[in-house]
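The residues making up each chain are set out below.
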Amino acid sequence: MEDRIKSIQTDFDNEIAVVDDIKKLEEIRLKYLSRKGLVPLLFEDFRKLPSDEKPKYGKTLNILKNVVQQKFDDVKNNLEMNASGKKSTVDLTLPARRNEVGSLHILTQTLYEMKEIFKGLGFSVYEGPELESDFNNFEALNFPADHPARDMQDTFFINENFLLRTHTSPVQVRLMKSKKPPLRAIMPGKVYRNEAISAKSYCLFHQVEGLYVDTDVTFAELKGTLVAFAQQFFGENVKYRFRPSFFPFTEPSAEVDIWWEPKGKQGRWLEILGCGMVDPNVLRNVDIDPEKYTGYAFGMGVERTAMLRYGITDIRTFFDNDKRFLTQF
Ligand code: DAH
């Protein structure tokens with residue numbers, strides 16, 4: 001009995017190994033597995049064995065039956081799948097596909113970092129919409145309709161009264177209209193300008209606005225805050241300067257420049273933000289009493305700042321989504 005089991009197993013293995021079509025497979029089924037096939041015949045003979053011999057072969061016989069059936073099913077499946085054109089096998093020699101992990105865009109990283117620094121200086125974060133009213137973007141900020149300062153910013157108008165905000169300063173207006181002082185917040189977001197696109201300017205960029213309104217807010221505090229920011233962001237030894245400037249919504253006004261000296265190149269000053277003491281007219285426009293309260297404000301270019309810190313020379317690279325650029329950060 002044992003020899004028969006073994007030889008059936010070997011014969012079956014040899015025959016099934018070379019089967020390459022359904023017809024040959026059917027012949028094998030008839031020979032081994034059909035009702036009169038070799039395997040069921042073995043079982044018939046097994047039943048005739050004296051009962052003391054049965055335990056000896058029962059197990060091997062069952063294993064034979066299962067193995068034969070399993071192999072037969074596998075080959076059948078493969079043949080059927082091949083016939084329907086599907087690949088039945090997995091090519092284990094292929095190199096594994098690399099799992100590419102994304103990362104935060106350098107602008108997002110920069111914004112996160114700026115927020116953290118200002119949070120540490122006592123500022124909360126407030127946001128406003130990108131589609132803004134002419135009133136919030138210009139009028140309330142002391143740009144009258146015919147004021148020449150409006151020329152500083154080429155605006156994407158939606159209609160006569162609405163536009164894509166040209167700076168984040170209208171969020172100051174929203175904040176001062178909705179909450180009473182003391183107020184201390186930064187307002188990050190996208191801004192839009194209808195400018196000729198070049199390495200230096202793009203139609204879309206980011207700003208972080210800052211506002212502090214309370215009793216007795218001074219220019220010295222504004223300076224202290226911005227210097228603390230610059231030192232945390234660019235490093236303790238950052239070289240900076242405050243330069244007098246003009247904005248309709250601040251008086252006095254200044255701009256802050258950072259010294260930029262790429263290796264082996266001539267150094268120069270680069271402007272990163274505008275700032276000043278909130279103009280009393282602006283406070284009046286939002287129903288805050290300028291006799292009682294003073295405030296400072298600033299607006300910082302995020303791309304500019306990131307370009308300086310990372311030595312990026314073309315603002316357009318932020319928006320190209322070129323992986324060779326993105327993966328550097
Ligand atoms: N909004 C100005 C701009 O986009 C920047 C600015 C200047 C913001 C002075 C301020 C400020 O809050 O006080 O050019």
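Our structure's up above, just so we're on the same page.
Residues numbered from 1 in each chain as written. Predicted model: local features only at pLDDT ≥ 70, side-chain atom pairs only at ≥ 80, totals over all residues. Heavy atoms only, no water.

Draft legend 1. Geometry of the site of the ligand. Close to the ligand lie 16 residues; His-167, Gln-172, Arg-193, Gln-207 and Glu-209 are nearest. Take His-167: an N or O atom from its side chain is 2.9 Å from a nitrogen atom of the ligand. Compared with its free state, where it exposes 350 Å², the ligand has 92% of that area covered by protein. Per-class residue counts for the shell around the ligand are 5 nonpolar, 9 polar and 2 charged. (Near = heavy atom within 4 Å. Polar contact = N/O pair within 3.5 Å; in protein donor to acceptor, adjacent residues only side chain to side chain. Areas by Shrake-Rupley, 256 points an atom, 1.4 Å probe, with all protein chains shown as cover. Nonpolar A, V, L, I, M, F, W, Y, C, P; charged D, E, K, R; others polar.)

Draft legend 2. Region of the structure containing helix α2 (residues 22-33). Of the residues making up α2, those classed as buried are Leu-25, Ile-28, Tyr-32 and Leu-33. Here the buried residues of α2 occupy an arc of 80 degrees about the axis, which is enough to place them on one side. Those residues of α2 that are exposed and aimed more than 90 degrees away from the buried face are Lys-23 and Glu-27. Of the surrounding secondary structure, the elements contacted by the buried residues of α2 are α1 (2-17), α3 (38-48) and α4 (54-83). Between the side-chain oxygen of the N-cap and the backbone nitrogen of Lys-23 there are 3.0 Å, and the N-cap of α2 in question is Asp-21. (Buried < 20%, exposed > 50% of the residue type's maximum accessible area, 1.4 Å probe, protein only. Helix = DSSP H or I, 4+ residues; strand = E, 2+ residues; numbered from the N terminus. Arc of directions from axis to C-beta. Contact = heavy atoms within 4.5 Å.)

Draft legend 3. Up close: the pairing of strand β9 (residues 294-301). Here β9 lies mainly inside the structure; 7 of its 8 residues are buried. Sheet topology places strand β5 (residues 204-214) next to β9; 8 bridges connect them, and they run antiparallel. In the strand pairing of β9, Tyr-212 is matched with Tyr-296. Note that strand β8 (residues 268-278) and β9 share 5 bridges and pair antiparallel. Paired with Leu-273 across the strands is Met-300, a residue of β9. (Pairing = 2+ DSSP bridges.)

Draft legend 4. Region of the structure containing the pattern of salt bridges. Inspection of the entire model under this criterion finds 17 salt bridges. In this structure, Arg-316 engages Asp-314 in a salt bridge whose closest nitrogen and oxygen atoms are separated by 2.9 Å. By relative accessible area, which is 19% here, Asp-314 ends up buried. Of the charged contacts in the structure, one is a salt bridge between Arg-324 and Asp-322, with a shortest N-O distance of 2.7 Å. With relative accessibility at 65%, the residue Arg-324 sits in the exposed group. Linked by salt bridges that have partners in common, Arg-241, Arg-243, Glu-255 and Asp-257 make up one network. (Salt bridge = Lys/Arg side-chain N within 4 Å of Asp/Glu carboxyl O.)

Draft legend 5. How the structure looks around the side chain of Ser-253. Its location among the elements puts Ser-253 in strand β7 (residues 250-260). In this structure Ser-253 comes out as buried when scored by relative accessible area, which is 7%. Within the structure, the side chain of Ser-253 is placed 3.3 Å from the backbone nitrogen of Phe-247, a separation counted as a polar contact. Side-chain polar atoms of Ser-253 contact the side chain of Thr-250, separated by 2.7 Å. Sequence-distant contacts of Ser-253, that is, excluding residues within four places in its chain, are made with Arg-243, Pro-244, Ser-245, Phe-246, Phe-247, Cys-275 and Gly-276.

Draft legend 6. Local environment of unusual backbone geometry. A cis amide bond, omega 5 degrees, links Pro-181 with the succeeding residue Pro-182. Structurally, the position occupied by Pro-182 is in the loop between α7 (169-178) and β4 (183-192). Omega for the bond connecting Glu-251 with Pro-252 falls within 30 degrees of zero, at -5 degrees, which places this linkage in the cis form. Tracing the backbone through its elements, the reader meets Pro-252 in strand β7. Positive phi, close to 60 degrees, is recorded for Asp-216, a residue that is not glycine.

Draft legend 7. The arrangement of empty space enclosed by the protein in detail. Applying the stated criterion across every chain yields a total of 1 cavity of 30 Å³ or more. Quantified by volume, the largest cavity comes out at close to 50 Å³. The wall of the largest cavity is formed by Leu-226, Val-227, Phe-229, Ala-230, Tyr-240, Phe-242, Val-256, Ile-258, Ile-272 and Leu-273. Taken together, the elements giving at least two residues each to the lining of the largest cavity come down to α8 (219-234), β6 (240-247), β7 and β8. Of the residues forming the lining of the largest cavity, the biggest block, 4 residues, is contributed by α8. Residue composition of the lining of the largest cavity, grouped by class: 10 nonpolar, no polar and no charged. (1 Å grid on protein atoms, 1.4 Å probe; cavity = no way out; pocket = protein on both sides within 12 Å on 5 of 7 lines; lining within 4 Å. Points joined across faces, edges and corners; volume = space filled by probe spheres on them.)

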